[in-house]
Amino acid sequence: MVLSARGLGMRFGDFNAVSNVDLDVHHARVHALIGPNGAGKTTVFNLLTKFLTPTSGTITLLGTDITGMAPDRVARMGLVRSFQISAVFPHLSVLDNVRVALQRPNGLATQFWRPLSALDRLNERADQLISAVGLSEARNVMAADLSYGRKRVLEIATTLALDPKVLLLDEPMAGMGGEDVAVVAGIIRNVARDRAVLMVEHNLKVVADICDHVTVLQRGEILAEGDYRTVSEDPRVRVAYMGTEEA
Amino acid sequence: MADMAETTETGGRTEAHSAMASSIRLGFLLVGLAALAVAPAFLYPVFLMKLLCFALFACAFNLLIGYTGLLSFGHAAFFGGAAYFTAHAVKEWHWTPELGVLFGVFGAAVLGLVIGFFAIRRQGIYFAMITLALSQMFYFFCLQAEFTKGEDGIQGVPRGHLFGLVDLSVSTNMYYFTLAVFVIGLLIIWRFVNSPFGMILKSIRENEQRAVSLGYSVQYYKLGAFVMSAALAGLAGGVKALVFQFATLTDVTWQMSGEVILMTLLGGIGTLIGPVFGAGLVVTLQNYLATSDFPVTIVTGVVFMACVLLFRRGVVGEFYASRLGRRLGFEHRR
Ligand SMILES: Nc1ncnc2c1ncn2[C@@H]1O[C@H](COP(=O)(O)OP(=O)(O)OP(=O)(O)O)[C@@H](O)[C@H]1O
Ligand SMILES: [Mg+2]
């Protein structure tokens with residue numbers, strides 16, 4: 001178990017966006033966090049990565065209590081997230097997007113006296129990551145000019161550049177075409193071999209295919225938990241999630 | 001590398017294009033430098049030196065707003081503060097001019113560290129207000145402090161001998177010293193912007209949240225840019241004190257902070273040489289108006305409004321974004 005949360009809660013004013021959530025994310029597993037719109041999935045991500053400070057509960061990452069830690073420190077400890085709305089650096093090339101992620105771990109982030117060519121040292125690793133997500137021929141294209149699906153895989157490549165121990169992906173396949181979905185699913189399966197993945201996903205087929213464990217969230221609370229089969233057969237989940245008993 | 005000249009999937013931006021833009025840029029730069037080198041033969045040197053000091057000041061300011069998106073309303077503290085520090089070191093301690101200027105730079109950097117430390121956590125208008133408030137505190141400090149000589153300022157600052165050798169009281173010597181400082185200042189800015197650190201700054205400006213999620217402590221990077229900007233503003237201020245041989249309260253007022261914003265906006269935020277043009281415009285205008293009956297502030301105000309309405313990106317930014325500029329391979333986004 002690499003990441004765990006106990007009694008996590010978040011209030012916005014007098015609205016409980018997340019309440020009493022317990023979550024355990026394990027090494028080498030893909031864990032899905034699903035639930036209807038507004039269930040609080042993104043908020044849970046924000047809490048785990050410390051982009052928001054929980055109003056109650058504790059979070060432990062690799063044995064360290066990170067409840068009071070700043071988000072950049074959490075990232076440096078190896079918990080890296082992607083965003084629901086694709087987060088690339090739009091006016092940087094694909095290559096530069098990945099290199100920015102590589103700069104800090106390679107000690108090339110603070111030199112203000114060195115030329116940009118100092119970053120060429122990162123090209124080899126960057127190109128590996130870029131080709132792993134199939135963006136090689138778009139290497140020098142500005143991120144803003146990529147199609148939506150390609151922005152998403154670029155984001156995955158930059159996230160992987162940090163070699164994170166825990167990967168949090170917020171709807172990595174939203175808005176993608178069928179082919180891309182299969183590609184990204186393959187990538188996620190692959191990276192989860194030696195790290196933990198927690199992902200929010202609406203596409204239940206993907207969840208069924210690649211996720212080992214599913215947590216269902218509804219109105220900020222955990223409704224059900226288990227493997228896909230168990231969860232999908234739970235009548236409460238069927239009602240809450242699909243709005244109907246059958247589906 | 002066979003695809004170097006090929007059009008990318010967007011059809012517009014190619015490496016060949018930006019190569020053309022950089023050679024054009026280099027050409028302009030050389031012409032500009034040559035013009036500045038011979039300028040004292042045609043124009044009043046003190047006017048030129050004033051122009052260079054303000055141009056460097058504006059470029060330093062632009063380093064902050066253009067590359068981190070932070071609008072400081074307190075840069076006069078660094079400019080005017082450094083003028084005081086340099087003037088004091090040279091006049092009272094009899095330091096050589098280059099050491100005096102370095103002392104000014106150092107003082108401005110320390111001030112930048114303090115003001116930046118308090119301001120950097122805030123964004124937008126709050127950031128601007130905090131920098132304004134702290135620089136006003138510095139203004140009152142300068143008004144009260146012993147060494148600044150209150151309303152009179154530090155007068156009769158000797159220009160001294162550069163490295164103990166070159167007599168800077170000779171106007172041409174002083175001019176070329178100022179020009180050299182200006183060029184070095186621009187080179188520093190250029191290097192800073194095009195460095196690994198500058199890359200991170202750019203990424204923070206592009207998407208701060210993403211930069212945080214990649215583990216960057218964005219406040220430190222912003223603070224770094226703030227201190228660098230303050231130090232370079234100090235470089236300009238220190239040299240200005242030598243040029244005019246005095247340091248007064250004028251350079252630490254909030255109006256001076258406003259003026260540098262004006263120069264930068266006029267020239268074009270986020271372009272390396274835009275602020276040079278902006279500063280040239282404002283200084284020239286002030287110079288002509290100083291001898292006429294027109295109230296300077298009203299006219300600069302009107303010019304400012306006209307420019308903001310006509311050239312939203314500033315003069316240079318507008319050129320980069322124009323069809324001609326884009327065809328030549330310049331890029332301007334904003
Ligand atoms: N900063 C905030 N302030 C107030 N309310 C918020 C804030 N962030 C989220 N909420 C509310 O919390 C609830 C959960 O939002 P959240 O974005 O976590 O849902 P989600 O499960 O990710 O939904 P979706 O599937 O649409 O992405 C929503 O009702 C939302 O309006
Ligand atoms: Mg969401």
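Details of the structure are given in the entry above.
These numbers were taken from a predicted model, which means no experiment stands behind them.

Participant: How would you summarise the sheet that holds strand β1 (residues 3-12) of chain A if you had to cite specific residues and measurements?
Facilitator: Residues and elements named next belong to chain A. With antiparallel pairing, four strands are arranged side by side in an open sheet as β2-β1-β4-β5. On the outer flanks of this sheet lie β2 (15-25) and β5 (64-65), each paired with one strand and no other. Strand direction decides the pairing type here: strand β4 (residues 56-61) and β5, joined by two bridges, are antiparallel. Paired with leucine 61 across the strands is threonine 64, a residue of β5.

Participant: Which residues make up helix α13 (residues 314-321) of chain B, and what values go with them?
Facilitator: Here α13 of chain B has its buried residues at Gly314, Val316, Gly317, Tyr320 and Ala321 of chain B. Seen along its axis, α13 of chain B keeps its buried residues to an arc of 135°; they face one direction.

Participant: Summarise the site of ligand 1; cite the residues concerned and give the values.
Facilitator: Residues and elements named next belong to chain A. Taken together, 13 residues lie around ligand 1, and Gly38, Lys41, Thr42, Thr43 and Gln84 are the ones closest in. At 2.8 Å from an oxygen atom of ligand 1 is found a side-chain nitrogen or oxygen belonging to glutamine 84. A distance of 3.2 Å separates an oxygen atom of ligand 1 from a polar atom in the side chain of histidine 202. Protein contacts shield 61% of the accessible area of ligand 1, which totals 640 Å² for the unbound molecule. Of all the elements in the fold, those that place two or more residues in the shell around ligand 1 are β2 and α1 (41-48). Tallying contributions element by element places α1 first for the shell around ligand 1, with three residues.

Participant: Hey, could you go over the pattern of salt bridges for me, with residue numbers and the actual values?
Facilitator: All names here are of chain A. Under the defined criterion, the tally for this structure stands at 15 salt bridges over all chains. With a closest N to O distance of 3.7 Å, arginine 189 and aspartate 212 form a salt bridge. With arginine 189 in helix α6 (residues 178-191) and aspartate 212 in the loop between α7 (204-210) and β9 (213-218), the pair connects residues that are 23 residues apart, well separated along the chain. The class for aspartate 212 is partly exposed, based on a relative accessible area of 31%. Between aspartate 209 and lysine 205 there is a salt bridge, and its shortest N-O distance comes to 2.9 Å. Note that aspartate 209 and lysine 205 are positioned in helix α7 at a spacing of four residues, about one turn of the helix. There is no split in this pair, since aspartate 209 and lysine 205 are both exposed. The structure contains a network of salt bridges with shared partners spanning Asp96, Arg99 and Asp120.

Thresholds, definitions, all that
Residues numbered from 1 in each chain as written. Chains lettered and ligands numbered in written order. Predicted model: local features only at pLDDT ≥ 70, side-chain atom pairs only at ≥ 80, totals over all residues. Heavy atoms only, no water. Pairing = 2+ DSSP bridges. Helix = DSSP H or I, 4+ residues; strand = E, 2+ residues; numbered from the N terminus. Buried < 20%, exposed > 50% of the residue type's maximum accessible area, 1.4 Å probe, protein only. Arc of directions from axis to C-beta. Near = heavy atom within 4 Å. Polar contact = N/O pair within 3.5 Å; in protein donor to acceptor, adjacent residues only side chain to side chain. Areas by Shrake-Rupley, 256 points an atom, 1.4 Å probe, with all protein chains shown as cover. Salt bridge = Lys/Arg side-chain N within 4 Å of Asp/Glu carboxyl O.

Nothing here speaks to function; it is geometry throughout.
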